[in-house]
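These are the residues of each chain, in order.
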Amino acid sequence: MKRPLKIGIVCYPTYGGSGVVATELGKALAGRGHQIHFISYALPMRLDSYEGNIFYHEVEMSSYPLFEFPLYTPALASKIVEVAQFEQLDIVHAHYAIPHATSAYLARQILGGTLKVITTLHGTDITLVGLEPSFLSVMKFSIEQSDGVTAVSRFLKEKTLTNYGIDKDIRVIPNFVDTDKYRRVECTQVRERFAPPEEKILIHVSNFRAVKRVADVIRIFDEVQKKVPAHLILAGDGPDRSVCELLVRELGIQDKVRFLGKQTELVRILSAADLMLMPSQSESFGLAALEAMACGVPVISSSVGGLPELQVHGQTGYIAEIGDIDRMAKYAVDLLTNDTRMAMFRQACRARAVDNFDVGKIVSMYEEYYRESCSET
Ligand code: GMT
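This is a predicted model, so every value here is computed, not measured.

Asks: Mind laying out a nonpolar patch on the surface, listing which residues take part and the relevant values?
Replies: On the surface, a cluster of nonpolar side chains totalling about 510 Å² of accessible area is made up of Met 61, Tyr 64, Leu 66, Phe 67 and Leu 71. In this fold, Leu 71 is placed in the loop between strand S3 (54–58) and helix H2 (72–87). Look at Leu 71 and you get partly exposed, because its relative accessible area is 41%.

Asks: Can you break down the sheet that holds strand S1 (residues 6–10) residue by residue, with the values?
Replies: Taken in spatial order, the seven strands line up as S3-S2-S1-S4-S5-S6-S7 in an open sheet, and their pairing is parallel. A single partner strand is all that each edge strand has here, and the edge strands are S3 and strand S7 (170–172). Neighbouring strand axes in the sheet, compared pairwise and without regard to direction, differ in orientation by 25 degrees on average.

Asks: A description of the packing of helix H3 (residues 97–111) against helix H5 (residues 136–145) should follow, citing residues and the corresponding values.
Replies: Across the interface, H3 lies against H5 with an axial gap of 9 Å and an inter-helix angle of 55 degrees. Judged by the angle between their axes, H3 and H5 are oblique. Two packed elements cross with a definite hand, and for H3 against H5 that hand is left-handed. Listed contacts from H5 to Ala 97, Ile 98, Ala 101, Thr 102, Tyr 105 and Arg 108 of H3 are Val 138, Met 139, Phe 141, Ser 142 and Gln 145.

Asks: So what's going on with the environment of Lys 226? Which residues, and what values?
Replies: Position of Lys 226 relative to the elements: it lies in the loop between helix H8 (214–225) and strand S9 (230–235). Lys 226 sits in the exposed class, given a relative accessible area of 55%. Put simply, Lys 226 and Gln 281 are 55 residues apart on the chain and 25 Å apart in space, counted from C-alpha to C-alpha.

Asks: Can you tell me about unusual backbone geometry, naming the residues and giving the values?
Replies: Look at the link from Ile 98 to Pro 99: it is a cis peptide, with omega at -15 degrees. The backbone of Phe 208 sits at a positive phi, close to 50 degrees, despite the residue not being glycine. Counting through the fold element by element, Phe 208 comes out in the loop between strand S8 (200–205) and H8. Accessibility expressed as a relative area gives 0% for Phe 208, which makes it buried.

Asks: Can you explain the packing of aromatic side chains? Please cite residues and give values.
Replies: What the rule picks out here adds up to nine aromatic pairs. Centroid distance Phe 285 to Phe 357: 5.6 Å. Interplanar angle 80 degrees. Geometry classified as edge-to-face. Placement of the pair is Phe 285 in the loop between strand S11 (275–278) and helix H11 (287–294) and Phe 357 in helix H14 (residues 339–357), with a sequence separation of 72 residues. Of the residues examined, Phe 285 reaches a relative accessible area of 3% and is grouped as buried. Look at Phe 357 and you get buried, because its relative accessible area is 6%. Cluster of aromatic residues (ring-pair linked, three or more members): Tyr 12, Tyr 41, Tyr 72 and Tyr 96.

Conventions we followed
- Residues numbered from 1 in each chain as written.
- Predicted model: local features only at pLDDT ≥ 70, side-chain atom pairs only at ≥ 80, totals over all residues.
- Heavy atoms only, no water.
- Patch = residues over 30% accessible without salt bridge, like charges linked within 9 Å, V, L, I, M, F, W, Y side chains within 5 Å.
- Areas by Shrake-Rupley, 256 points an atom, 1.4 Å probe, with all protein chains shown as cover.
- Salt bridge = Lys/Arg side-chain N within 4 Å of Asp/Glu carboxyl O.
- Helix = DSSP H or I, 4+ residues; strand = E, 2+ residues; numbered from the N terminus.
- Buried < 20%, exposed > 50% of the residue type's maximum accessible area, 1.4 Å probe, protein only.
- Pairing = 2+ DSSP bridges.
- Axes fitted to C-alpha atoms, helices over the stretch in contact; angles between N-to-C directions.
- Parallel < 35°, antiparallel > 145°, perpendicular 65-115°, else oblique.
- Left-handed = near helix turned anticlockwise from the far one by under 90°.
- Contact = heavy atoms within 4.5 Å.
- Phe/Tyr/Trp six-rings, centres within 6.5 Å; stacked < 30°, edge-to-face > 60°.

So, in structure tokens, the structure goes:
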């Protein structure tokens, strides 16, 4: 019997995919007997119920007037040191490299090297923000200095090695979903709220950042609804929401589009949907698409990043070039008007999520990686 580990998980607490992965990972590890200490500036969004071996430590920020900008990196490092010392942590697992991997490195140095630092690269920490000149050298250093590094797709691993000139063994551990929780459930009442029974429902879930290309979602839907009676549900919130609401009004489709804002419980909403649209500019994995697939919802996506590692073109949905609105709309209409094919796609989505990305399988990969990093295999 292997000993339970004491693991610090550093993450963003908000609605982003990295925070969701970190929180669900911590919950699943706690379910396997490990002791989990979340460290962040606010309670992670999905940490919504009490569990005996899960603890939360909030990073306190100084408001001293000399500091024009918040000094989160050292404050987080100090908190990691404190938690690691008091709780005898074996590992600190930094999710999203900026600045978490840097703070974790600092903490390990302060502690004298016994704490193992694992960094998980999620997406824009590598493909966008980390490449900015103000972060690049610190990012490269922090990744190189981690005791272990994982990436959520083969695409992201390759990008890290080439973009940063890093020579390091990076383990690919994909995103995961709890397929017991994320499954198609009875949702007649929810469906009725969104559209009449004879109409189709398309869905998009994101943080409405520019990389998500939500305007493309609306334009694709506009083409689709000219041929198939349909409604569009947009779940989530973020910087592009207002401009998208404006676009919906300009196109005159406001009666067919519902902006739901942030949602914590997506299973019933996904279960009401026929098709998900994810035309992203950049997507290292596409957790929202995986959650939809687990609920039997096929996905029309762009061909970027890790999306082709998740979806199988012509089986779980369709893949097109970024910005190819006409092709994505055509794929959507073809699928929505072919009940036999739709039924096959639904089954294939569910099967792919269960067989390849279920929480049990992927959490074991992290567990093995922790043991290897602590030389306990
Ligand atoms: O990279 C981001 O935009 C942030 C990040 C997050 O924290 O929300 O999202 C990324 O991580 C998710 C979880 O690993 C992936 O499923 C998303 O594909 C990825 N987003 C992008 O690459 C744009």
